[in-house]
Amino acid sequence: MGEMVEFASNGGTATGYLAKPERGAGLGLLVIQEWWGLVPHIEDVCERFAAEGFTALAPDLYRGETTTEPDEAGKLMMSMNFDQAAKDLSGAVDFLTSSDDVRGEGIGVVGFCMGGGLALVMATRRPDAIKACVPFYGVIPWPSAQPDWSKVEASIQGHFAEKDDFFTPDAVAELEATLKDLGKDADLIVYPAVDHAFFNDTRPEVYDETAADLAWTRTLEFLRSKLG
C-alpha cells in the first residue's frame, strides 16, 4: 500500500500519495488528480501503476479538500491557486527525479480531466525531466495556464472521448495538428461512443470498461517504451 509523503515546493512543502513497486526501483510517474481532488480513485490509480512497476506520486493540489459534487468540484478547480499548484507539481517532479525509488531516464506524467490539462502544462514547464506525457480528456480552463507548445520535449499520447463537451474531438484534432506542425511526437486518440471520464471506474454513469482497458494497455506500453 502507498502512503502520504511530504516534499519540497519552492521554499514550502506539499504532500502527495506515493505508491511504489514491491521490489526495486520503479519508473517515475507523476499522477495528477481530476477536479474532485486527491480522492481514493486517484490513489487506486497510483496503486495500479505501482503493481506494473512504476513509482507513482499524486500531489494533493487542493491541500486536503475533496468533493463528490460536480458544482463544488468546479468551484475548487477554478479557485485553485494555479501558481501554487504549478510549484507543487514541479516539486513533485524534483522529488521523483531525485528518489532512489525511481529508475530510468526522466519521468512520465499522467493526468485526468483537470489533471490531463495540467499534465500538458507540466510537459511545457519541465521539459528537462518529463519525457512522456499522457493526458486523459485533459482540459485547461485557466487563462494564465495556456501552454507554450514549442517547449514540449516529451512524447505525448492522449486519450479523449467522442462524446466530450469539455474537450471535443474537433479540439483534439486541432491540438494534435498544432503539436505535429511544431515537430512534436504526439498521438491523440479519440475513443468512439464514450463520455468524458470514461476511465473512472468509480463513476458508473460514464465508465466504459472496454475503452478504459484499452487506454490502460496503451498507456503502459507507451510509458515503458519512453521511460524504460
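First, a word on scope: everything that follows refers to the structure included in this document.

Moving on to the pairing of strand 5 (residues 102–112). Taken residue by residue, a regular strand's side chains alternate between the two faces of the sheet. Sheet analysis places strand 3 (residues 26–32) next to strand 5, joined by 6 bridges and oriented parallel. Counted as the bridge partner of L27 is R103 from strand 5. The pairing of strand 5 with strand 6 (residues 130–136) spans 6 bridges and is classified as parallel. Within strand 6, the position partnered with F112 by the bridge is F136. Of the crossover connections in this fold, the one passing from strand 5 over helix 4 (residues 114–125) to the parallel strand 6 is right-handed.

The topology assignment puts T124 in helix 4. Take T124: its relative accessible area is 6%, and that puts it in the buried class. One polar contact links the side chain of T124 to the main-chain carbonyl oxygen of V121, over a distance of 2.6 Å. Aside from chain neighbours lying at most four places away, what touches T124 is P147, D148, W149, K151 and V152.

The next thing to look at is the sheet that holds strand 7 (residues 155–163). If you walk across this open sheet you meet the 8 strands as 1-2-4-3-5-6-7-8, and the pairing is mixed. Both edges of this open sheet fall to strand 1 (3–9) and strand 8 (186–195), since each of them pairs with a single strand only. Sheet twist, expressed as the average angle between the axes of neighbouring strands with direction ignored, equals 25°. The sheet contact formed by strand 7 and strand 8 spans 7 bridges and is parallel. Bridge pairing in strand 8 places F160 opposite V190. Its contacts with the sheet place helix 3 (residues 82–97) against strand 1, strand 2 (12–19), strand 3, strand 4 (54–59), strand 5 and strand 6, and it is angled at close to 105° to strand 1.

Bringing the nonpolar core into the picture now. Side chains that are nonpolar tend, in soluble globular proteins, to be buried together. Ranked by internal contacts, the top residues of the largest apolar core, which has 87 residues, are V31, F49 and L223. If we skip the residues at most four places from it in the chain, F49 touches L29, V31, F54, A56, V110, W216, T219, L220 and L223.

Moving on, we get to a negative patch on the surface. Among the surface-exposed residues, E65, E69, D71 and E72 lie close enough to one another that they form a single negatively charged patch. Turning to its location among the elements, E65 is positioned in the loop between strand 4 and helix 2 (70–79).

The rules behind these values
Residues numbered from 1 in each chain as written. Predicted model: local features only at pLDDT ≥ 70, side-chain atom pairs only at ≥ 80, totals over all residues. Heavy atoms only, no water. Pairing = 2+ DSSP bridges. Helix = DSSP H or I, 4+ residues; strand = E, 2+ residues; numbered from the N terminus. Right-handed = clockwise from strand over helix to strand, strands pointing away. Buried < 20%, exposed > 50% of the residue type's maximum accessible area, 1.4 Å probe, protein only. Polar contact = N/O pair within 3.5 Å; in protein donor to acceptor, adjacent residues only side chain to side chain. Contact = heavy atoms within 4.5 Å. Axes fitted to C-alpha atoms, helices over the stretch in contact; angles between N-to-C directions. Core = buried A, V, L, I, M, F, W, Y, C linked by side-chain atoms within 4.5 Å. Patch = residues over 30% accessible without salt bridge, like charges linked within 9 Å, V, L, I, M, F, W, Y side chains within 5 Å. Areas by Shrake-Rupley, 256 points an atom, 1.4 Å probe, with all protein chains shown as cover. Salt bridge = Lys/Arg side-chain N within 4 Å of Asp/Glu carboxyl O. Lys, Arg positive; Asp, Glu negative; His and termini not counted. Charge placed at Lys NZ, Arg CZ, Asp CG, Glu CD.

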